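What follows is the residue order along each chain.
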Amino acid sequence: MTRARKNTKGRIHFVGLGPGDPDLLTGGARDALAVADVVVVDELDAAAAQALSEIEPLIAQPDPAAVAKVLVAEAKQGHMVVRLVSGDPLAHEETTKEIQAVSRSSVPWRVIAGVAAQTAIPS
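Model, not experiment: these values are computed from the prediction. (Residues numbered from 1 in each chain as written. Predicted model: local features only at pLDDT ≥ 70, side-chain atom pairs only at ≥ 80, totals over all residues. Heavy atoms only, no water.)

Glancing now at the pattern of salt bridges. One pass over the structure, following the stated rule, counts 2 salt bridges. For Arg83, the salt bridge identified is with Glu98, shortest N-O distance 2.8 Å. Of this pair, Arg83 sits in strand S4 (residues 80–85) while Glu98 sits in helix H4 (residues 93–103), and the two are 15 residues apart along the sequence. The same class applies to Arg83 as to Glu98, namely buried. The closest approach of N and O atoms between Glu93 and Lys97, which form a salt bridge, is 3.4 Å. Of this pair, Glu93 and Lys97 both sit in helix H4, 4 residues apart, which is roughly one turn of the helix. By relative accessible area, which is 42% here, Lys97 ends up partly exposed. (Salt bridge = Lys/Arg side-chain N within 4 Å of Asp/Glu carboxyl O. Helix = DSSP H or I, 4+ residues; strand = E, 2+ residues; numbered from the N terminus. Buried < 20%, exposed > 50% of the residue type's maximum accessible area, 1.4 Å probe, protein only.)

Right, dumping it as structure tokens:
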């Protein structure tokens with residue numbers, strides 16, 4: 001499900017889901033999800049994403065270039081796009097490749113770090 005915004009420039013947020021516990025989401029992650037029109041997640045993270053957000057997630061393809069195309073296309077339609085990944089976005093090679101591909105477009109983007117599972121387990 002997407003919510004259309006009028007006269008809004010789209011943006012992409014690469015958001016860390018953390019270890020999957022809603023209590024361990026960062027404030028930035030909560031804020032990004034609150035304004036998201038589109039949430040793109042991997043199949044493994046889909047259940048956690050649905051628990052955290054009322055937005056029906058789009059299931060991402062495993063190819064970073066294909067994912068980046070979806071992100072950019074949605075953002076160019078004026079949508080606020082969240083690319084939700086487990087742990088921390090920069091801890092995943094695929095997400096780094098997606099960020100590189102998105103950075104070649106004119107769409108603004110940012111990374112919102114998440115709590116990595118390795119950090120959350122001891123706490």
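Next, the rest of the story.
With that out of the way, let us pick up the packing of aromatic side chains. This model, assessed by the stated rule, comprises 1 aromatic pair. With a centroid separation of 6.2 Å and an interplanar angle of 85°, the aromatic rings of Phe14 and Trp109 are classed as edge-to-face. Residue Phe14 is located in strand S1 (residues 11–16), and its partner Trp109 is located in strand S5 (residues 109–112); the two are separated by 95 residues in the primary sequence. What makes Phe14 buried here is its relative accessible area of 0%. (Phe/Tyr/Trp six-rings, centres within 6.5 Å; stacked < 30°, edge-to-face > 60°.)

Among the nonpolar cores identified, the biggest contains 13 residues, and Ile12, Phe14, Leu71, Val81 and Val102 are the most heavily contacted of them. Within the residue set of this core, elements represented by two or more residues are S1, strand S2 (38–41), helix H3 (64–76) and H4. Considering each element in turn, this core owes the most residues, 5 residues, to H3. Leu25, Leu33, Val39 and Leu84 belong to the second-largest nonpolar core, a separate cluster that totals 12 residues. (Core = buried A, V, L, I, M, F, W, Y, C linked by side-chain atoms within 4.5 Å.)

The values are spatial; any link to function lies outside them.
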